[in-house]
Amino acid sequence: WDNADFSRGVGTTFYQEFSTLNMAKPPFVRDVEAKVRRYLRSSYSAAWTLKITWEKAPVHTAQTDTRKTITYQAVLTTDGFRSYILMLYQDGGMQWDYTRLTSTKVLIGYT
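Residues numbered from 1 in each chain as written. Predicted model: local features only at pLDDT ≥ 70, side-chain atom pairs only at ≥ 80, totals over all residues. Heavy atoms only, no water.

The name given to the protein chain in an unreviewed UniProt entry is MUC4 protein, with the source organism recorded as Loxia curvirostra.

In structure tokens:
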């Protein structure tokens, strides 16, 4: 979640909320549950999930060059007791020139 700049009309942000408590779960939520179960070896049934997509987001320092973009998603999910986040990046989608960012200690994901 770096300093993306959407002020020049380049890039889009989408979000979709899935409230699945006592409801049939769409395939996307079932996939999220499967990933949590697989990677964390935990039983998990989502009550709520939020998917946020930043598509072709230009970096803040690209005031004149908006061609270098990034597309990524954050998926937040909870069963009401435990919460998880999946950070998803488009394969080959990181086009920002990290050497021109304010901090050159760049990491995709989280620590």
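Now that the structure is up, let's keep going.
Concerning the overall build of the protein chain
When you go through the protein chain residue by residue, the secondary structure sums to one helix and four strands. Secondary structure elements of the protein chain occur, N-terminal to C-terminal, as β-α-β-β-β. Looking at the protein chain residue by residue over its 111 residues, the buried ones come to 33%. Contacts spanning at least 24 positions in sequence make up 59% of the contacts within the protein chain whose residues lie at least 6 apart. (Helix = DSSP H or I, 4+ residues; strand = E, 2+ residues; numbered from the N terminus. Buried < 20%, exposed > 50% of the residue type's maximum accessible area, 1.4 Å probe, protein only. Contact = heavy atoms within 4.5 Å.)

What to know about the environment of phenylalanine 28
Secondary-structure assignment places phenylalanine 28 in helix 1 (residues 27-40). C-alpha of phenylalanine 28 to C-alpha of threonine 49: the two residues are 21 residues apart in sequence and 9.5 Å apart in space. Other than its neighbours up to four places away in sequence, phenylalanine 28 contacts Phe18, Thr49, Lys51 and Val75.

What about the pairing of strand 4 (residues 83-89)?
Across seven bridges, the pairing between strand 3 (residues 69-78) and strand 4 is antiparallel. Each residue of the ladder has a partner; that of threonine 78, found in strand 4, is serine 83. The loop that links strand 3 with its antiparallel partner strand 4 comprises four residues; one of these, glycine 80, has a positive phi angle of about 100 degrees. (Pairing = 2+ DSSP bridges.)

Comments concerning the nonpolar core
Core analysis: the biggest nonpolar cluster contains 10 residues, these being Leu50, Ile52, Trp54, Ala57, Val59, Ile70, Tyr72, Ala74, Met87 and Trp96. Of all the secondary structure elements, the ones that give two or more residues to this core are strand 2 (48-58) and strand 3. In terms of residues, this core owes the most to one element, strand 2, which gives four residues. Membership of the second largest hydrophobic core comes to six residues, among which are Val29, Val36, Tyr44 and Tyr84. (Core = buried A, V, L, I, M, F, W, Y, C linked by side-chain atoms within 4.5 Å.)

Topic: unusual backbone geometry
Positive phi, close to 50 degrees, is recorded for arginine 41, a residue that is not glycine. Structurally, arginine 41 can be placed in the loop between helix 1 and strand 2.

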